[in-house]
Amino acid sequence: MNDEHARGGDDELPLRERKKRETRQRISDIATGLFAERGFDAVTVAEVARAAGVSAMTVFNYFPRKEDLFLDRIPQAAELFAGAVRDRAPDEPPLAALRRLALRLLDERHPLSGVGERYPRFFRVVIASPALRSRAREGVEEVERALAAALAEAGAPDPRLLAALTTAACRTVFLASVARLLAGDPVAEVARSHRARLEAAFTALERTGLDG
């Protein structure tokens, strides 16, 4: 899932790293277009490689599994959620930092928020593929583990429980918004509901006292 607005910071990277990111993004963009047009299961990695002008080995160097060509934001999600906890101000509670991140992603219409004009097409491809649905579930678990590690470093009393509750809350809000978008509800209305549900979810989480 790609989004130009959400790729900021690449200009500050060394040239070699920037070129690697550009190649990765180009392969993912081409794969996304093919999957959206023909369905995930109907497109092979070899076809993606040919369309991108690279070898299949190069594709696998960037994406360990075919599913990761489409669900390419999983590592970023884990990094963002763990980073929100690790990089917060010393006096900011972890849940406050995570709330701020979730609301920022929504305001930016970041792909990880799930709210945006172009995203229903993406979600339909995922729903149509058992392999993608399975990988998406694994991705949530990866984010949860990364968040639990960051919360443990932050001294949360029960980091695994807090990480599980936080990811479950965000996933529930995300899926509700996806369902509304697929039903044709206006994006602005979905975004307002998404914000309200996020606020309610984090308020409930803060009442547990699990972040110390």
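These figures come from a predicted structure and were not determined experimentally.

1. Regarding the packing of aromatic side chains
The full count for this structure, using the stated rule, is five aromatic pairs. Seen from their ring centres, F35 and F70 are 5.8 Å apart, and the 75 degrees between their planes marks the pair as edge-to-face. With a gap of 35 residues between them, F35 in helix α1 (residues 15-38) and F70 in helix α4 (residues 66-70) connect regions that are remote in the sequence. Relative accessible area serves as the criterion here: at 1%, F35 is assigned to the buried category.

2. Observations regarding the pattern of salt bridges
For the structure on display, the rule yields 14 salt bridges. For the salt bridge of E142 with R135, the shortest nitrogen-to-oxygen distance reads 2.8 Å. The partly exposed category is assigned to E142, whose relative accessible area is 24%. Via salt bridges that share partners, R65, D68, R135, E138 and E142 belong to a single interconnected network.

3. Points about the nonpolar core
With 29 residues, the main nonpolar core has I27, F35, V48, L69, F70, L71 and L132 as its most contacted residues. Those elements that provide at least two residues to this core are α1, α2 (45-52), α4, α7 (119-128), α9 (159-182) and α10 (187-207). For this core, the element with the highest residue contribution is α7, accounting for five residues. If sequence neighbours within four positions are ignored, L132 has contacts with F40, E67, F70, L71, V125 and V126. Counting 28 residues, the second largest nonpolar core, distinct from the first, contains A77, F81, L147 and A150.

4. A short note on unusual backbone geometry
The phi angle at R109 is positive, at roughly 55 degrees, despite the residue not being glycine. Structurally, R109 can be placed in the loop between α6 (94-107) and α7. The class of R109 is partly exposed, set by a relative accessible area of 31%.

5. Concerning the environment of R99
Secondary-structure assignment places R99 in helix α6. On the basis of relative accessibility, which here comes to 15%, the residue R99 falls in the buried class. Taking the C-alpha atoms as reference points, R99 and A168, 69 residues apart in sequence, are found 14 Å from one another. Once residues lying within four places of it in the same chain are set aside, the contact partners of R99 are E199, F202, T203 and E206.

6. Side note on α10
Here α10 contains 21 residues, and its C-alpha end-to-end distance of 30 Å stays within 8% of the 30 Å for a straight helix at 1.5 Å per residue. Every buried residue of α10 is listed here: V187, V190, A191, H194, L198, A201, F202 and L205. The arc enclosing the buried residues of α10, seen along the axis, measures out at 95 degrees, which places them on a common side. Facing away from the buried surface of α10 by more than 90 degrees, the exposed residues are R192 and R207. Next to the buried residues of α10 lie α6 and α9. Among the residues trailing α10, G209 stands out with phi positive, at a value near 70 degrees.

7. Overview of α6
Here α6 contains 14 residues, and its C-alpha end-to-end distance of 20 Å stays within 8% of the 20 Å for a straight helix at 1.5 Å per residue. For α6, the complete set of buried residues consists of P94, L95, A97, L98, R99, L101, A102, L103, L105 and L106. Where α6 is buried, its residues contact α5 (74-86), α8 (130-153), α9 and α10. Looking at the residues trailing α6, positive phi occurs at R109, about 55 degrees.

8. Brief notes about the confidence of the model for the protein chain
If pLDDT is low for a region, its predicted coordinates should not be looked at in detail. Within the protein chain, residue pLDDT values average 93, and 94% of them lie at 70 or more. Here residues 3-9 is a poorly scored stretch, pLDDT under 50, and it has 13 contacts once near neighbours within four places are set aside; other chains count.

Parameters and conventions
Residues numbered from 1 in each chain as written. Predicted model: local features only at pLDDT ≥ 70, side-chain atom pairs only at ≥ 80, totals over all residues. Heavy atoms only, no water. Phe/Tyr/Trp six-rings, centres within 6.5 Å; stacked < 30°, edge-to-face > 60°. Helix = DSSP H or I, 4+ residues; strand = E, 2+ residues; numbered from the N terminus. Buried < 20%, exposed > 50% of the residue type's maximum accessible area, 1.4 Å probe, protein only. Salt bridge = Lys/Arg side-chain N within 4 Å of Asp/Glu carboxyl O. Core = buried A, V, L, I, M, F, W, Y, C linked by side-chain atoms within 4.5 Å. Contact = heavy atoms within 4.5 Å. Expected span 1.5 Å × (residues − 1). Arc of directions from axis to C-beta. pLDDT = per-residue confidence, 0-100.

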